[in-house]
Amino acid sequence: MSWRTVRKAVDSVWPEPRKQLPPRPTALDPYKPLVDEMLRTDLDAPRKQRHTITRIFHRLVEEHAADVSYQMVRRYVSDRKPQILIESGKAPVEAFVPQTHQPGMEAEVDFGDVTIRLAGELVTCYLFSFRLSYSGKAVHRVFVSCGQEAFFEGHVHALRTLGGVPRSKVRYDNLKAAVARVLGLSRARVEADRWIAFRSHFVHVPVGSRSFPIVTVASAAV
């Protein structure tokens, strides 16, 4: 490689941004405003009366004698249509909700089937996973049953391994061992009686000189 390339690598670990070449002219360029106008008209038109790519292509050829290919029109419409939606304010807004977690405050639990090879044969078992939301530290245990007893034992093993209970809440995905019934489309849940008794034991669990609050069932899936 040339000495200029080596010099750039020594000066900065990040490569220079790739230069954007100007778009190459095409036979469609004179007709792009016409295509844009068709797409803007479609914004308020009934669904069955909107232009398809084939219809736009035929209109350009028949009404304007455009010497363009179907693929050229298809590529332009595919790129331009979302842009026109955004310009008109009718495109769905893309957004995200950042997740922030404080140390020792929250955790997530999952309890699902997993296939393992036992004595040379594939066997379906059940993996209990308890993961702290902030650090990502997780405790796992495999059971041959997905019963409530295994669910409870997984919690005891995880809390003993981690040395305490999260201070805020533990999130669950409507696991049957914890949730007896989901109330319609609301966020309300009816917890199983044995689960209520089990988690009530951890209202205050002394670990060293500290006490830890209750493990709560979150109404939303993780």
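Just so you know, these numbers come straight off a predicted model, no measurement behind them.

**Student:** Help me understand the packing of aromatic side chains, please; the structure alone is not making it clear to me.
**Tutor:** Aromatic ring pairs are defined here through the distance separating the ring centres and the angle between the ring planes. Tallying each qualifying case throughout the model produces 10 aromatic pairs. With 5.8 Å between their ring centres and 40 degrees between their planes, phenylalanine 111 and phenylalanine 151 make a pair best called tilted. Of this pair, phenylalanine 111 sits in strand β1 (residues 106-118) while phenylalanine 151 sits in helix α5 (residues 148-162), and the two are 40 residues apart along the sequence. On the basis of relative accessible area, phenylalanine 111 is assigned to the buried category, the value being 13%. One aromatic cluster in this structure is built from Phe111, Phe128, Phe143, Phe151, Phe152, Trp195 and Phe198.

**Student:** Sorry, what's going on with the nonpolar core here?
**Tutor:** Considering soluble globular proteins, one finds that nonpolar side chains tend to be buried as a cluster. In terms of nonpolar packing, the biggest core is built from 21 residues, with Val109, Phe111, Phe128, Phe130, Phe151, Tyr172 and Trp195 touching the most fellow members. For this core, the secondary-structure elements that each account for two or more residues are β1, β2 (121-132), β3 (138-143), α5 and α6 (193-200). Counting residues per element, this core draws most heavily on α5, which supplies 5 residues. Here phenylalanine 130 is in contact with Ala107, Glu108, Val109, Lys137, Ala138, Val139, His155, Ala158, Leu159, Leu162, Pro166 and Val170, once residues within four sequence places are set aside. Ala66, Val68, Val73 and Ile84 belong to the second-largest nonpolar core, a separate cluster that totals 14 residues.

**Student:** I would appreciate a short explanation of α6 in the present structure.
**Tutor:** Since the α-helix turns once every 3.6 residues, residues separated by three or four places project in the same direction. Within α6 the residues assigned to the buried category are Trp195, Phe198 and Arg199. The buried residues of α6 occupy an angular sector of 90 degrees when projected down its axis, which confines them to one face. Exposed side chains of α6 directed beyond 90 degrees from the buried face belong to Asp193 and Ala197.

**Student:** Which parts of the structure should I look at to understand the side chain of glutamate 106?
**Tutor:** With respect to the element layout, glutamate 106 can be found in strand β1. Here the side chain of glutamate 106 touches arginine 171 through a polar contact of 2.5 Å, side chain to side chain. Setting aside residues up to four positions removed in sequence, glutamate 106 forms contacts with His101, Leu132, Ser133, Pro166, Ser168, Lys169 and Arg171.

**Student:** I would appreciate a short explanation of the packing of helix α3 (residues 53-64) against helix α4 (residues 70-88) in the present structure.
**Tutor:** Think of two packed helices as two axes; the pair is described by the angle between the axes and how far apart they sit. Close contact between α3 and α4 brings their axes to 10 Å; oriented N to C, the two are set at 125 degrees. Taken together, the axis directions place α3 and α4 in an arrangement best described as oblique. Handedness of the α3/α4 crossing: right-handed. Contacts from Ile53, Thr54, Ile56, Phe57 and Leu60 in α3 reach Tyr70, Val73, Arg74 and Val77 in α4. Broken down by class, the residue content of the contact of α3 with α4 amounts to 7 nonpolar, 1 polar and 1 charged.

About the thresholds
- Residues numbered from 1 in each chain as written.
- Predicted model: local features only at pLDDT ≥ 70, side-chain atom pairs only at ≥ 80, totals over all residues.
- Heavy atoms only, no water.
- Phe/Tyr/Trp six-rings, centres within 6.5 Å; stacked < 30°, edge-to-face > 60°.
- Helix = DSSP H or I, 4+ residues; strand = E, 2+ residues; numbered from the N terminus.
- Buried < 20%, exposed > 50% of the residue type's maximum accessible area, 1.4 Å probe, protein only.
- Core = buried A, V, L, I, M, F, W, Y, C linked by side-chain atoms within 4.5 Å.
- Contact = heavy atoms within 4.5 Å.
- Arc of directions from axis to C-beta.
- Polar contact = N/O pair within 3.5 Å; in protein donor to acceptor, adjacent residues only side chain to side chain.
- Axes fitted to C-alpha atoms, helices over the stretch in contact; angles between N-to-C directions.
- Parallel < 35°, antiparallel > 145°, perpendicular 65-115°, else oblique.
- Left-handed = near helix turned anticlockwise from the far one by under 90°.
- Nonpolar A, V, L, I, M, F, W, Y, C, P; charged D, E, K, R; others polar.

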